[in-house]
There are 4 protein chains.
Amino acid sequence: MAGSILGKHFTIQTFGESHGEGIGVVVDGCPAGLSLSASDIQTYLNRRKPGQSKFATPRKEADEVEILSGVFEGKTTGTPIALLVRNTSQRSGDYSEIASYYRPGHADYTFDEKYGFRDYRGGGRSSGRETIGRVAAGAIALKLLKELGIEICAYTRSIGPVTIDYAKFDKETILSTPTSMPDADASAKAEAYLEECMKSLDSSGGVIECVAKGVPAGVGEPVFDKLDANLGKAIMSIGSVKAFEIGDGIAVATMKGSENNDSFVMKDGAVAKATNHSGGILGGMSDGEDIVLRAYIKPTPSIFKEQNTVNKDGENISVQIKGRHDPVIVPRAVVVVEAMTALTILDLMMENATAKLDNLKKIYE
Amino acid sequence: MAGSILGKHFTIQTFGESHGEGIGVVVDGCPAGLSLSASDIQTYLNRRKPGQSKFATPRKEADEVEILSGVFEGKTTGTPIALLVRNTSQRSGDYSEIASYYRPGHADYTFDEKYGFRDYRGGGRSSGRETIGRVAAGAIALKLLKELGIEICAYTRSIGPVTIDYAKFDKETILSTPTSMPDADASAKAEAYLEECMKSLDSSGGVIECVAKGVPAGVGEPVFDKLDANLGKAIMSIGSVKAFEIGDGIAVATMKGSENNDSFVMKDGAVAKATNHSGGILGGMSDGEDIVLRAYIKPTPSIFKEQNTVNKDGENISVQIKGRHDPVIVPRAVVVVEAMTALTILDLMMENATAKLDNLKKIYE
Amino acid sequence: MAGSILGKHFTIQTFGESHGEGIGVVVDGCPAGLSLSASDIQTYLNRRKPGQSKFATPRKEADEVEILSGVFEGKTTGTPIALLVRNTSQRSGDYSEIASYYRPGHADYTFDEKYGFRDYRGGGRSSGRETIGRVAAGAIALKLLKELGIEICAYTRSIGPVTIDYAKFDKETILSTPTSMPDADASAKAEAYLEECMKSLDSSGGVIECVAKGVPAGVGEPVFDKLDANLGKAIMSIGSVKAFEIGDGIAVATMKGSENNDSFVMKDGAVAKATNHSGGILGGMSDGEDIVLRAYIKPTPSIFKEQNTVNKDGENISVQIKGRHDPVIVPRAVVVVEAMTALTILDLMMENATAKLDNLKKIYE
Amino acid sequence: MAGSILGKHFTIQTFGESHGEGIGVVVDGCPAGLSLSASDIQTYLNRRKPGQSKFATPRKEADEVEILSGVFEGKTTGTPIALLVRNTSQRSGDYSEIASYYRPGHADYTFDEKYGFRDYRGGGRSSGRETIGRVAAGAIALKLLKELGIEICAYTRSIGPVTIDYAKFDKETILSTPTSMPDADASAKAEAYLEECMKSLDSSGGVIECVAKGVPAGVGEPVFDKLDANLGKAIMSIGSVKAFEIGDGIAVATMKGSENNDSFVMKDGAVAKATNHSGGILGGMSDGEDIVLRAYIKPTPSIFKEQNTVNKDGENISVQIKGRHDPVIVPRAVVVVEAMTALTILDLMMENATAKLDNLKKIYE
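Peer 1: How should the overall build of chain A be read in this particular structure?
Peer 2: From N to C terminus, chain A includes nine helices and 18 strands. Its C-alpha atoms give chain A principal-axis dimensions of about 65 × 50 × 35 Å. The burial tally for chain A puts 67% of its 365 residues in the buried class. Considering only residue pairs separated by 6 or more positions, chain A has 67% of its internal contacts joining residues 24 or more positions apart. On chain A, roughly 10900 Å² of surface is accessible, and the fraction owed to carbon and sulfur atoms is 48%. Each charge class in chain A was averaged separately, 41 positive and 48 negative side chains, and the resulting centres sit 2 Å apart.

Structural data, given as structure tokens:
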């Protein structure tokens, strides 16, 4: 279990490299009885597929998923669900040069230091293609959560200096803009900014926001498997994420207690909160309000500008990276954030199922 | 394993409540042969002990640690190390009132929803006292890391609007200021700010920064147990932390690739980096430079100002919380961040020990 | 997690050495709402306490348990339950000699090889006293299982050549005979045999049987966490157990399929089995019938007869072990087998709680 | 992690059903730098392939393995190794009948009880074909262990009443007899016995023995992840195994301490043992001598004789199972026992690598 397995109940294990035979994931612990077909998963994979806008690598990949196991007569059986996406557009030739040096901002050097060598083709295991497995597994988690009344939605909050206007928020727009922004005007500005970046052979960072609605109160396990802690891990494990926040996040550091505390208030006969500075999490457990998180994503490290680095012979050199790259990672990473959020919440909901003796009695009596 | 166990190799399990018999931790997987005495641990516990400044709760606790197992003739034996701190200043009487309502910003409501009821005395399991176990275990990890040439240092970066000036950074000052700031001037300003907060019956948030020096490159396990992902989880699992960042953190979202990438460069015959925007982590593995992280901490939710909330009978009420509270959590949480950082790095260094066949041969041949 | 943690849901971690401060266990994941007092646990500890018959070591230990955490107003809170038993009869002086050589049949040599040295006082961590933690945690599991309609009962099946007669089986007798046999006549014979062993400065092995009634069908997780696989691990982890079997066990190797298969048959409108060769487990899951297992236990390695061995200077020597020893481990290990069986079944029942989507809906809708 | 993941360091996750798309395994945590090709794995898969003798099902399967990831330029990279074997001889038609009733001795009933329904085609997940994943992963473990000087060899010890004669033990013979016995004469007798079983439409049980040579002393983690405990789990998790023993195993129950204890003795300047009743394990750790274990395997439950059972409508019926079945499981399970033994020993050797601070210093200094 050297790091490619996540989750305790709805456990996923991803495998595969950018230019190997394929990319995949095995889900262990999916409850039996969920309707599931390849198209349920394909819908999500299509959202991260390359070649869909001018801001995404033109690499041509169908990214077609095959269900190898765990589904019988259209339903999950409770046994491991293995999903495989074959790589079809491996152009190893493109990458022979980068075998000899360390690309700035990439994992080339750290892989060599850790393992003694690396599969340098297209970034190997550290390629963004690894997230195919996460998204495929996340699609199952999202479908299962829906059965329990939970909806999760991620979108681009900002790209470079351009941030969305919540007054213009339109959920449908997320899927239609090349930026995955829910605000068409902001998206247009961001697109212009990205074209500038491309012209200057550079790249841009950005912020993804994700909201989970309908999670019942009490999900999350004190003191280490807190909902925010596990979300933090899941989101920080996505390549290029450099910061993570819940609710008011970094802003709390300059707030006073009287500003930051959410008052409890009765609403329709139930306990609710007057505000949601906490982002739906108190003491590491869901508090019944919307769970709100944000991932801060660094600019694509692969830029066409000339850069300084060293080669494997220990010489200082200057390089210009070739190949196919996205000028911004954010739009395609939106569905990855959505997937990781779903996987984390579902895993902790399964854990929470045995928190009370009464729950066990519901199952066994 | 409902959330009170952390780590795969150097595994810690904390237990205990604010007003129960005591607080403790069991460490499983500590390598044999490390010199260890109670005073090695006490030093760190003393840094988080209450009653040491006017900004900390006046609760009187010796917080004296007892080593129950795992050490023989002054050395760790490789078997579980159990550490116990008895609670001595339980004043249950103070807390009887809060049993009846939900304190804003606290875990009272979520505990009730999860488990059906809660140990309401002093916050029970969600009390800051739980971190005694973390700090005690962290003290062992810190000592072991030192043997491997690694030094970890955390300090207060800001309180409310007051941020340290790195030009005035003095490591010794961290232990002498009541703010745990390494800059005496900033500390004085922060102290004045906190006194204002106290006068207005309010509390303040802040930021803790932590730097790890000497971690060799390659520590961290792609793709889920990345060094930054596990640090994210460890830090976010500390109560009141609402955001986490590595290196340039949230700033990367508005940076361009050419600004954010760190060039590699040869230095004294070895690969190094010209800058450290990455905060010492690339592709989820340490890159040989300083590891730099930050935790954003919310203002203490217990404030003396009147607040609105609901009681267990479902009535809207207004309350004024009594008792003993810190106007700011940050100074006492500094050593907790240091401990969690150490525990995470050591755990992943142990995992990394078997990353290469050559390493196994070093051990077994 | 170097081996002192067991279970995924109802997780136990034991700590402590024979002659250290104490022996204990932390239970993480116990569902909230179970009535629990120290006396619920003490009852079980008293069954394994030394000094209760002439066949048990005369070491005087009260083995009094203290609940340090996780229980509030008489009920489990869902947070970790830490239990501590202080050692009171450490006579380190007795053991100074054995520091210098390796006792045959003991873990002295293997501990030294693994860790470089060992806590040699009374066997240190490999002492039978470690099972105090298992029995204490098992007591909680047994109480919880009872709430779900499950009863577990272990007893001595044989000591040396003496085996019980099932026709004379009387459950009450288990607690009244010094052999923990449910057959008073067999017990008398076994007692005579043990006195012979003691006269010849020797010791005896034996067999413990355990039966679990009321476990619903479907508990156990294919393919690795099968009920029989996890029971096998739990029972084999008890010191001195050298073989484990389920149902007909070793006898199946010489049986034919037509003899070994249990026919299914309708009984009171429900599916049942005509026989129970399988010992209540099919395909790694409980099949609704009694679960029957057996543990084969080696003779106490500490005998008073002279034996050959080597010392730490690499010399062949001959030794006579002094001190306080049981001539047979079996009677006091009965409650340990019962505890480990309960812990395993409960853990897998908690895992099984989320096997079906319908179960999750029962909890969350 | 609902049961299809095994191991903490060299972690395997199997997936797939008898009549689904294929069977596979993902290995996470294999150290980087091991030479590995598909043929290294195929050699072992060929030993369990069906259709190789008259005592094995005539189902035609090439069982050809494809390496999907984790190997680059002929070496393991340290990243997950995914292995896939496509099913090619699914004859679902044969199995439609068994959907309606519960086969005695099979997991049909327990699967239905656990998950609400089952993939009934060829036993689905409970088919012996699942062991393809175990053998494929085991092949890698065996190759890696060889690099560390460890050899593991399993063979059939008995079939029905026929047991091998150790005086005639010939390792080469294991691979050439249809029984996997290392004694050609015993094999001839066992073959005759099996033909009788087949004539009477019945099946036979048997015993597999496995010996590991060269394991250094100290491998295994007290107190739960003992070497014998983890071997017990690994072996008991193989379908049809009903008993497990180490060394003298069940025989110890009737032995005296003076007979069962192995004396230590100096041999060529090193500590050794005069005998090996312990089967190479003391206190849950390897003691440097051969590790010897045995698995007792029940007769194939699928027999052609008429049997009584119930159908899904709750009626008592009598059935005759059709299809392709082995009259004995033992010969083809030999390589599975070898694989599970290797996986367990390697996993604990990796764990043991960090048992001492000195080991960490060897890696990091």
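Peer 1: How should I be thinking about the interface of chain C and chain A in this particular structure?
Peer 2: Frequently, the measure chosen for interface size is the accessible area that the parts lose on association. Between chain C and chain A, the residue contacts involve 26 residues of the former and 26 residues of the latter. Both faces considered, chain C and chain A share a buried interface measuring about 2500 Å² in area, 65% of it formed by carbon and sulfur atoms. The three residues of chain C that bury the most area against chain A are Leu357(C), Ile363(C) and Tyr364(C), which together make up 27% of that side's buried surface. For the salt bridge of Lys361(A) with Glu147(C), the shortest nitrogen-to-oxygen distance reads 2.7 Å. Broken down by secondary-structure element, the contributors of at least two residues to the side of chain C that touches chain A are helix H3 (131–147), helix H8 (330–352) and helix H9 (357–364) of chain C.

Peer 1: So what exactly am I meant to see when it comes to the interface of chain B and chain A here?
Peer 2: Contacts between the two partners involve 103 residues from chain B, matched on the other side by 103 residues from chain A. It is Lys114(B), Phe224(B) and Lys242(B) in chain B that bury the most area against chain A; as a group they hold 11% of the surface buried on that side. There are four salt bridges connecting chain B and chain A. Linking chain B with chain A are 49 residue pairs in polar contact (both at pLDDT 80 or more). Across the side of chain B that touches chain A, the residue classes tally to 45 nonpolar, 35 polar and 23 charged.

Peer 1: I tried to follow the packing of aromatic side chains on my own but got confused; where do I start?
Peer 2: Aromatic ring pairs are defined here through the distance separating the ring centres and the angle between the ring planes. For the structure on display, the rule yields 28 aromatic pairs over all chains. Ring geometry for Tyr102(A) against Tyr109(A): centres 5.2 Å apart, planes inclined by 70 degrees, an arrangement best described as edge-to-face. Of the two residues, Tyr102(A) and Tyr109(A), both sit in the buried class. Through a chain of ring-to-ring contacts, three or more aromatic side chains come together here, namely Tyr102(A), Tyr109(A) and Phe264(B). In this structure, Lys114(B) packs its charged tip against the face of Tyr115(B), placed 5.8 Å from the ring centre.

Peer 1: Just to check I follow, could you spell out the relation of the copies chain C and chain A for this structure?
Peer 2: Relating one copy of the chain to the other takes a rotation about an axis and a shift parallel to that axis. Mapping chain C onto chain A calls for a rotation angle of 180 degrees and an axial translation of 0.0 Å; the resulting RMSD is 0.0 Å. On this basis, the relationship between the two copies can be described by a two-fold rotation axis. Here 100% of the interface residues in chain C have copies in chain A that are interface residues too; the copies meet face to matching face.

Peer 1: Would you mind going over the relation of the copies chain B and chain A with me for this structure?
Peer 2: The two copies are related by a screw motion: chain B maps onto chain A through a turn of 180 degrees and a shift of 0.0 Å along the axis, at an RMSD of 0.0 Å. Looking at the interface residues of chain B, 100% of them are also at the interface in chain A, so both copies use one shared face.

Peer 1: Quick question: what am I supposed to make of the sheet that holds strand E7 (residues 81–86) of chain C here?
Peer 2: Backbone hydrogen bonds hold the strands of a sheet together, and the pairing may be parallel or antiparallel. Residues and elements named next belong to chain C. Sheet architecture is open: five strands sit in the order E1-E2-E3-E7-E4, paired in antiparallel fashion. Sheet topology places strand E1 (5–6) and strand E4 (65–67) at the edges, where each strand pairs with a single neighbour. In this sheet, strand E2 (residues 11–16) lies alongside E1 in antiparallel orientation, the contact comprising two bridges. By the bridge assignment, Ile5 is partnered in E2 with Gln13.

Peer 1: Whenever I open this one, the packing of helix H3 (residues 131–147) of chain A against helix H8 (residues 330–352) of chain A confuses me. Can you help?
Peer 2: A pair of packed helices is characterised by two quantities: the angle between their axes and the separation of those axes. Residue and element names in this part refer to chain A. At a minimum axis separation of 8 Å, H3 and H8 run at an interaxial angle of 55 degrees. The orientation of H3 relative to H8 falls into the category oblique. When the axes of H3 and H8 are compared, the crossing they make is left-handed. Across the interface between the two elements, Thr131, Arg134, Val135, Ala137, Gly138, Ala141, Leu142, Leu144 and Leu145 of H3 pack against Val335, Val336, Glu338, Ala339, Met340, Ala342, Leu343, Ile345, Leu346 and Met349 of H8. Class assignment for the residues of the contact of H3 with H8 results in 15 nonpolar, two polar and two charged.

Peer 1: Can you walk me through the side chain of Asp63(A) in this structure?
Peer 2: Residue and element names in this part refer to chain A. Here Asp63 is to be found in the loop between helix H1 (38–48) and strand E4 (65–67). Given the relative accessible area of 2%, Asp63 is considered buried. Only 2.8 Å separates the side chain of Asp63 from the side chain of Arg129, close enough to count as a polar contact. Excluding residues within four positions of it along the chain, Asp63 makes contact with Gln42, Leu45, Arg48, Lys49, Pro50, Val85, Arg129 and Ile132.

Peer 1: Looking at this model, I keep getting lost on the pairing of E2(C). Mind explaining?
Peer 2: For a regular strand, side-chain orientation follows a simple rule: the groups alternate between the two sheet faces. Residues and elements named next belong to chain C. The buried fraction of E2 amounts to six of the six residues, a majority that puts the element mostly inside the structure. Both faces of E2 are covered, namely the face carrying Thr11, Gln13 and Phe15 and the face carrying Ile12, Thr14 and Gly16. The hairpin formed by E1 and E2 contains four residues between the paired strands, and Gly7 there has a positive phi angle of roughly 100 degrees. Relative to strand E3 (residues 22–28), E2 is paired through six bridges, and the arrangement is antiparallel. Within the sheet, the bridge partner assigned to Gln13 lies in E3 and is Val26. Where E2 folds back onto E3 in an antiparallel hairpin, the turn is made up of five residues.

Peer 1: What is the right way to read the packing of helix H1 (residues 38–48) of chain C against H3(C) from this model?
Peer 2: All names here are of chain C. It is at 9 Å that the axes of H1 and H3 come closest, and there the two elements cross at 135 degrees. As judged from the angle between their axes, H1 and H3 are oblique. Between H1 and H3 lies a crossing of right-handed hand. The residues of H3 that touch H1, namely those facing Asp40, Ile41, Tyr44, Leu45 and Arg48, are Thr131, Ile132, Val135, Ala136, Ala139, Ile140, Leu142 and Lys143.

Peer 1: Is there a simple way to explain the sheet that holds strand E9 (residues 162–163) of chain A in this structure?
Peer 2: Pairing is antiparallel in the open sheet, where 10 strands are placed in the order E9(A)-E8(A)-E10(A)-E16(A)-E11(A)-E11(B)-E16(B)-E10(B)-E8(B)-E9(B). Single-partner strands in this sheet number two, and they are E9 of chain A together with strand E9 (162–163) of chain B. Here strand E8 (residues 151–159) of chain A runs beside strand E10 (residues 206–213) of chain A; their pairing, made up of eight bridges, is antiparallel. Bridge assignment links Ile152(A) to a residue of E10(A), and that residue is Ala212(A).

Peer 1: Before we go on, may I ask you to explain the pairing of strand E3 (residues 22–28) of chain B in this structure?
Peer 2: All names here are of chain B. By the criterion of burial, E3 is predominantly enclosed, with seven of the seven residues buried. Of the two faces of E3, both are covered, the one formed by Gly22, Gly24, Val26 and Asp28 as well as the one formed by Ile23, Val25 and Val27. Sheet analysis places E3 next to strand E7 (residues 81–86), joined by six bridges and oriented antiparallel. Counted as the bridge partner of Gly22 is Arg86 from E7.

Peer 1: What should I look at first to understand unusual backbone geometry in this one?
Peer 2: Excluding glycine, a negative phi dihedral is what most residues carry, and trans is how most peptide bonds are arranged. For the bond running from Pro222(B) to Val223(B), omega is 5 degrees, close enough to zero to count as cis. Tracing the sequence through the fold places Val223(B) in the loop between strand E10 (206–213) and helix H6 (227–236). A positive phi angle, near 80 degrees, is found at Ser240(C), a position not held by glycine. Residue position: Ser240(C) is located in the loop between helix H6 (227–236) and strand E11 (241–246). Here Ser180(D), not a glycine, exhibits a phi torsion of approximately 60 degrees, which is positive. Of note, Ser180(D) is situated in the loop between helix H4 (173–176) and helix H5 (184–199). A relative accessible area of 11% means that Ser180(D) is categorised as buried.

The rules behind the values
Residues numbered from 1 in each chain as written. Chains lettered and ligands numbered in written order. Predicted model: local features only at pLDDT ≥ 70, side-chain atom pairs only at ≥ 80, totals over all residues. Heavy atoms only, no water. Helix = DSSP H or I, 4+ residues; strand = E, 2+ residues; numbered from the N terminus. Buried < 20%, exposed > 50% of the residue type's maximum accessible area, 1.4 Å probe, protein only. Contact = heavy atoms within 4.5 Å. Areas by Shrake-Rupley, 256 points an atom, 1.4 Å probe, with all protein chains shown as cover. Lys, Arg positive; Asp, Glu negative; His and termini not counted. Charge placed at Lys NZ, Arg CZ, Asp CG, Glu CD. Buried area = accessible area lost by both parts, 1.4 Å probe. Salt bridge = Lys/Arg side-chain N within 4 Å of Asp/Glu carboxyl O. Polar contact = N/O pair within 3.5 Å; in protein donor to acceptor, adjacent residues only side chain to side chain. Nonpolar A, V, L, I, M, F, W, Y, C, P; charged D, E, K, R; others polar. Phe/Tyr/Trp six-rings, centres within 6.5 Å; stacked < 30°, edge-to-face > 60°. Lys NZ or Arg CZ within 6 Å of the ring centre and 35° of its normal. Least-squares fit on C-alpha atoms with pLDDT ≥ 70 in both. Pairing = 2+ DSSP bridges. Axes fitted to C-alpha atoms, helices over the stretch in contact; angles between N-to-C directions. Parallel < 35°, antiparallel > 145°, perpendicular 65-115°, else oblique. Left-handed = near helix turned anticlockwise from the far one by under 90°.

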